[in-house]
Structures are given as structure tokens and as C-alpha cells.
Amino acid sequence: MTSLRPFHATDLFRVNEVNLDVLTENYHISFYLSYLAQWPTLFFSTVNSQGDITGYMMGKTEGRGKEWHGHVTCLSVAPDYRRIGLARTLVDNLERRSEDPYDAYFIDLFVRASNALAIGMYRNFGYSVYRRVVGYYGGDDTVDNEDAFDMRKPLKRDKNRESVRENGENFRVRPEDVYL
């Protein structure tokens with residue numbers, strides 16, 4: 001049995017199994033702690049019956065006006081606990097918490113354009129590609145840069161689904177733009 005619970009600072013010493021994945025972004029400890037301090041209700045984990053962390057979600061809220069939204073900063077599930085619904089549990093919880101008490105218009109996330117499994121998973125959760133962000137992953141070395149897809153899902157407050165509409169600054173990505 002797996003339980004959902006708040007993430008604690010000491011959990012940072014227990015997430016190695018969850019983070020040992022080439023597609024999971026790893027951050028400096030101060031980054032995790034800043035999220036825990038600023039958005040403690042949007043940083044939570046799943047644990048098994050032995051108390052081992054099996055997955056976690058690190059989220060935040062940001063934006064102004066109709067751009068006020070929840071954001072998936074990091075979602076990761078341990079390899080032995082994948083494909084049993086933990087990712088959906090973590091995402092659903094962030095969506096609920098972004099609606100109440102934050103009253104967000106939508107949830108967004110960035111995913112590597114080459115990560116077809118994650119893109120498919122998020123599509124199954126109701127997210128759609130809003131735009132491609134060129135060179136989002138990587139640093140100054142243009143060889144290792146990779147594009148990201150900004151994926152979004154409107155929440156209850158966005159009754160007209162404006163958060164996922166195409167506008168002059170953003171563009172929808174055609175299926176042939178996805179690296180599969």
C-alpha cells in the first residue's frame with residue numbers, strides 16, 4: 001500500500017532511488033529547500049508500507065491575472081513503482097491543491113521534446129502541448145541543448161479554456177514536431 005504525505009527536508013536524503021533516472025532533473029539541495037519553504041503544500045511524496053519514498057511531486061504557483069497557474073517542477077516515481085498509478089495520484093493532488101486554495105487557471109509543465117513516454121502520459125492525464133520552448137534544457141553548450149514542450153491543462157477557473165488557446169506569442173506543436 002502506498003500513502004501520500006507532505007515532503008520533509010530530511011526526505012532529501014532518501015530520494016536517491018527515485019531520482020536515479022536519466023530523465024529526472026536533479027537540483028542543488030538549496031533549490032529543493034526553497035520550494036519546501038515557499039510552497040510546502042505543493043511538495044509531497046508517496047511512501048510504501050515500509051516508509052520508503054516511492055515518488056514525489058515538487059510544484060509551485062506563479063503568474064499574474066489569467067496566467068496565474070500551478071506548475072509541475074518535478075514529478076518522479078521510483079522504477080519499481082511505475083505504471084501502477086502513482087504519477088496520476090501525484091498529478092491529481094497537485095491539480096486539486098492548485099485549485100483550492102490557490103484558485104489557479106491552469107497547470108503547466110515542461111517536458112523534454114524527446115521524452116515520448118512522459119508526453120504520452122501527460123496527454124492521458126488531459127494535458128496538451130501549448131508551445132515548444134527552443135533550447136530549454138541545457139546550458140551555454142548549444143550541442144547539448146534540447147527543446148521542451150510546455151504542456152498545459154485548464155482547471156475549473158478557466159471555464160473558456162483560454163489557457164490552452166493558441167495566441168500570437170505561442171504556437172501549437174504539430175504531431176510531426178514530436179520526436180518519437
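Computed from a predicted structure; not experimentally measured. (Residues numbered from 1 in each chain as written. Predicted model: local features only at pLDDT ≥ 70, side-chain atom pairs only at ≥ 80, totals over all residues. Heavy atoms only, no water.)

1. A word on the overall build of the protein chain
For the protein chain, the count of helices and strands is 4 helices and 7 strands. Along the protein chain, from the amino end to the carboxyl end, the secondary structure elements read β-α-α-β-β-β-α-β-α-β-β. Across the 180 residues in the protein chain, those meeting the buried criterion constitute 46%. Long-range pairs, those at least 24 residues apart, make up 63% of the contacts in the protein chain between residues at least 6 apart in sequence. Accessible surface for the protein chain amounts to roughly 10000 Å². Of this, 51% is attributable to carbon and sulfur atoms. (Helix = DSSP H or I, 4+ residues; strand = E, 2+ residues; numbered from the N terminus. Buried < 20%, exposed > 50% of the residue type's maximum accessible area, 1.4 Å probe, protein only. Contact = heavy atoms within 4.5 Å. Areas by Shrake-Rupley, 256 points an atom, 1.4 Å probe, with all protein chains shown as cover.)

2. Description of the side chain of Asp-11
Here Asp-11 is to be found in the loop between β1 (3-6) and α1 (16-19). Side chain to side chain, Asp-11 and Arg-5 meet in a polar contact 3.0 Å long. Dropping the residues within four chain positions of it, Asp-11 is found in contact with Arg-5, Pro-6, Ser-45 and Ile-53. (Polar contact = N/O pair within 3.5 Å; in protein donor to acceptor, adjacent residues only side chain to side chain.)

3. Looking at unusual backbone geometry
The amide bond that connects Asp-100 to the next residue, Pro-101, takes the cis arrangement and shows omega of 25°. As for its position among the elements, Pro-101 is in the loop between α3 (86-99) and β5 (106-112). The phi dihedral of Asp-103 falls on the positive side, at around 55°, and the residue is not glycine. Positive phi is not limited to glycine here, since Arg-161 has a value of about 55°. By the element assignment, Arg-161 lies in the segment after β7 (146-154). The exposure class of Arg-161 is partly exposed, given its relative accessible area of 45%.

4. Concerning the pattern of salt bridges
Scanning the entire structure with this criterion turns up 12 salt bridges. The closest approach of N and O atoms between Asp-11 and Arg-14, which form a salt bridge, is 2.9 Å. Exposure remark for Asp-11: the relative accessible area of 1% places this residue in the buried category. Close ionic contact of Arg-112 with Glu-25 constitutes a salt bridge, the shortest N to O distance being 2.9 Å. Remark: Glu-25 occurs in the loop between α1 and α2 (29-38) and Arg-112 occurs in strand β5; sequence separation between them is 87 residues. (Salt bridge = Lys/Arg side-chain N within 4 Å of Asp/Glu carboxyl O.)

5. A few points about the side chain of Lys-60
Tracing the backbone through its elements, the reader meets Lys-60 in strand β3 (residues 53-62). A polar contact of 3.1 Å, which involves the side chain of Lys-60, links it to the side chain of Glu-62. Leaving out residues up to four positions away in the same chain, Lys-60 has contacts with Tyr-35, Trp-39, Leu-42, His-69, Gly-70, His-71 and Thr-73.

6. Structural notes on the packing of aromatic side chains
Using the criterion set out here, one finds 11 aromatic pairs in the structure. Seen from their ring centres, Phe-110 and Tyr-136 are 4.6 Å apart, and the 20° between their planes marks the pair as stacked. Taken together, the residues Phe-110 in strand β5 and Tyr-136 in strand β6 (residues 128-137) connect sequence positions 26 residues apart. Residue Tyr-136 is classed as partly exposed on the basis of its relative accessible area, which comes to 38%. Ring centres of Tyr-122 and Phe-125 lie 6.3 Å apart, and the angle between their planes is 90°; this geometry places the pair in the edge-to-face category. Summarising the burial analysis for this pair, Tyr-122 and Phe-125 share the class buried. (Phe/Tyr/Trp six-rings, centres within 6.5 Å; stacked < 30°, edge-to-face > 60°.)

7. Focus: the pairing of strand β2 (residues 43-47)
Taking burial as the measure, the 5 residues of β2 include 5 buried ones, the bulk of the element. Across 4 bridges, the pairing between β1 and β2 is antiparallel. By the bridge assignment, Arg-5 is partnered in β2 with Ser-45. Judged from the 5 bridges that link them, β2 and β3 form a sheet pairing that is antiparallel. By the bridge assignment for β3, Phe-44 is matched with Met-57. Adjacent in sequence and paired antiparallel, β2 and β3 are bridged by 5 residues, among which Gly-51 carries a positive phi angle near 90°. (Pairing = 2+ DSSP bridges.)

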